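Below are the chains, spelled out letter by letter.
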Amino acid sequence: MRHEVTFIPGDGTGPELAEATRRVLEATGVEFEWDEHPAGEDVYEAEGNPFPDRTLDSIKRTKVGIKGPTTTPVGSGFRSINVQLRKELDLYACIRPCKAYKGVRTRFPETDIVIVRENTEDLYAGIEFERGSDDNAKLREALAGLGHTIREDAGISIKPISEFGSDRIVEAAFRYAEENGRKKVTAAHKANIMKFSDGLFLETARKVAERHPEIEFEDRIIDNLCNQLVSRPEEYDVIVLPNLYGDIVSDLGAGLIGGLGLASGANIGTEAAMFEATHGSAPKYKGLNKVNPTALMLSGVLMLRHLGEADAADKMEAAIAAVIEKGEKVTYDLKPTRDDPTAVGTSQYADAVIEEMNA
Ligand code: NAD
């Protein structure tokens, strides 16, 4: 079966990583029809819009996309394309597998966890009240009427967590566990302190767990979870978290498995699914054919599974794992030292993965 997929190269090192990934995906033998569209800094400079309508329309139509990273200017400039994408397509579940492949230098070689992060609620909902603003004053006044005093010089961010949002993200975590042969889901929270937001998340998670008796369920307070992940990561399997904790623990997970160059991701929603690396556009390496495409390639593996191409996904993942384990034709970040002269470029790494698949 031929799959139509929206292909977004992105900017910075994105186009090099995306091209390497596309070549490897095609080498699996799965047939793709790529609907290529721009997003990011380059199209912003050319057209004054970093996220043209045609790009969004394509994803809405194909319902599946793979995306290279895109730069978000700090301070002025345009809003994050990733945030726009999540909002427009209601990409509520961010799934980030963190598996330590053999041959990668990590103190945690047993790590094989999957982080499932809620993407739409929590402190990331963008409900913020600037210090000194009229709205801030109105809110503080309303809260004072309810018996809560907030200092006049405070900025305020609101943390909404709903039963609806919690139910669907925990359900997504259990579904992932079932579909991928995982045994346990751990819900992380701070329900002892934030009883009505994290408390609702936990209460809802427990109810969802009852619908999936074949998968073990447990919960952990977030600080305890962080402690345990850097001492006994092998005890964890699928971990589901509200937005902010999920963001932080995702980077922790990338650290456990040997770095950002290896951390893949999927954003899954009701309308569509978008596959992309956890890392950003690493602009200082742009055009140098240098950075590691593994994270985007492993996101491609997730996309293959999403498309029902499990055999091709297994084949591609095994080839990537073999190239990493051999340690010869790998990028600089996977070498013992970063200035190792035997490191290969982005494109040659892709060649090595393709060679391995064809071996
Ligand atoms: P970054 O992830 O782009 O890079 C930080 C450092 O990590 C790099 O300098 C490099 O040393 C290393 N690194 C990252 N990816 C690597 C790879 N594939 N191989 C080897 N090393 C790699 O983070 P940043 O510098 O904070 O962000 C740059 C831009 O990317 C910002 O504009 C940010 O907003 C954006 N960003 C985009 C996404 C996305 O598109 N999904 C995600 C995060 C950040």
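See above for the structure.
No experiment lies behind these values; they were computed from the predicted model shown. (Residues numbered from 1 in each chain as written. Predicted model: local features only at pLDDT ≥ 70, side-chain atom pairs only at ≥ 80, totals over all residues. Heavy atoms only, no water.)

Read from one edge of the open sheet, 10 strands run S2-S1-S3-S12-S11-S4-S5-S10-S8-S9, paired in mixed fashion. Each edge of the sheet is formed by a strand with only one pairing partner; in this case those strands are strand S2 (31–36) and strand S9 (216–221). Recorded for the sheet is a direction-independent mean angle of 25° between the axes of neighbouring strands. Summarising the sheet, strand S8 (residues 184–189) and S9 pair through six bridges and their orientation is parallel. When the bridges of S9 are listed, Ala188 appears paired with Arg220. (Pairing = 2+ DSSP bridges. Helix = DSSP H or I, 4+ residues; strand = E, 2+ residues; numbered from the N terminus. Axes fitted to C-alpha atoms, helices over the stretch in contact; angles between N-to-C directions.)

This brings us to the site of the ligand. In the vicinity of the ligand there are 21 residues, among which Thr70, Thr72, Gly280, Ala282 and Asn292 approach most closely. Within the contact set of the ligand, a nitrogen atom lies 3.2 Å away from a side-chain nitrogen or oxygen of His279. The backbone of Ser281 places a nitrogen or oxygen atom 3.0 Å from an oxygen atom of the ligand. Starting from 810 Å² of accessible surface for the ligand in isolation, the protein chains cover 70%. In terms of residue class, the shell around the ligand is built from seven nonpolar, 10 polar and four charged. (Near = heavy atom within 4 Å. Polar contact = N/O pair within 3.5 Å; in protein donor to acceptor, adjacent residues only side chain to side chain. Areas by Shrake-Rupley, 256 points an atom, 1.4 Å probe, with all protein chains shown as cover. Nonpolar A, V, L, I, M, F, W, Y, C, P; charged D, E, K, R; others polar.)

Tallying each qualifying case throughout the model produces four aromatic pairs. Measuring from ring centre to ring centre gives 4.6 Å for Phe32 and Trp34, while their planes differ by 20°; the resulting arrangement is stacked. Trp34 carries the same exposure label as Phe32, and that label is buried. With 5.8 Å between their ring centres and 50° between their planes, Tyr285 and Tyr332 make a pair best called tilted. Placement of Tyr285 in the loop between strand S12 (273–275) and helix H10 (294–306) and of Tyr332 in the loop between helix H11 (310–326) and helix H12 (346–358) is noted, with a sequence separation of 47 residues between them. Accessibility expressed as a relative area gives 10% for Tyr332, which makes it buried. Three or more aromatic residues link up through ring pairs in this structure, and these residues are Phe7, Phe32 and Trp34. Over the ring of Phe7 we find Arg22, and its NZ or CZ is 4.1 Å from the ring centre. (Phe/Tyr/Trp six-rings, centres within 6.5 Å; stacked < 30°, edge-to-face > 60°. Buried < 20%, exposed > 50% of the residue type's maximum accessible area, 1.4 Å probe, protein only. Lys NZ or Arg CZ within 6 Å of the ring centre and 35° of its normal.)

A separate point is the pattern of salt bridges. Applying the stated rule across the entire model yields 30 salt bridges. Across the pair Asp112 and Arg182 runs a salt bridge whose closest N-O atoms are separated by 2.9 Å. A residue pair is termed long-range when its members are at least 10 positions apart, and Asp112 in strand S5 (residues 112–118) and Arg182 in the loop between helix H6 (163–179) and S8 qualify at 70 residues. The partner of Glu218 in a salt bridge is Lys184, with the nearest N and O atoms 3.2 Å apart. On the criterion of sequence distance, the pair formed by Glu218 in strand S9 and Lys184 in strand S8 is long-range, its members being 34 residues apart. Since its relative accessible area comes to 13%, Glu218 is described here as buried. Classification of Lys184 by relative accessible area gives buried; the value is 12%. Linked by salt bridges that have partners in common, Arg2, Glu31 and Glu33 make up one network. (Salt bridge = Lys/Arg side-chain N within 4 Å of Asp/Glu carboxyl O.)

With 13 residues, H12 should reach 18 Å at 1.5 Å per residue; the first-to-last C-alpha distance of 19 Å fits that figure. When we look at burial in H12, the residues that qualify are Thr346, Tyr349, Ala350, Ala352, Val353, Ile354 and Met357. (Expected span 1.5 Å × (residues − 1).)

Below, the discussion takes up the side chain of Glu16. With respect to the element layout, Glu16 can be found in helix H1 (residues 14–27). Comment: no salt bridge for buried Glu16; closest opposite-charge side chain is Lys286, at 7.8 Å. For Glu16, the residues in contact, after removing those within four places along its chain, are Tyr285, Lys286, Gly287, Leu288, Asn289, Lys290 and Thr346. (Lys, Arg positive; Asp, Glu negative; His and termini not counted. Contact = heavy atoms within 4.5 Å.)

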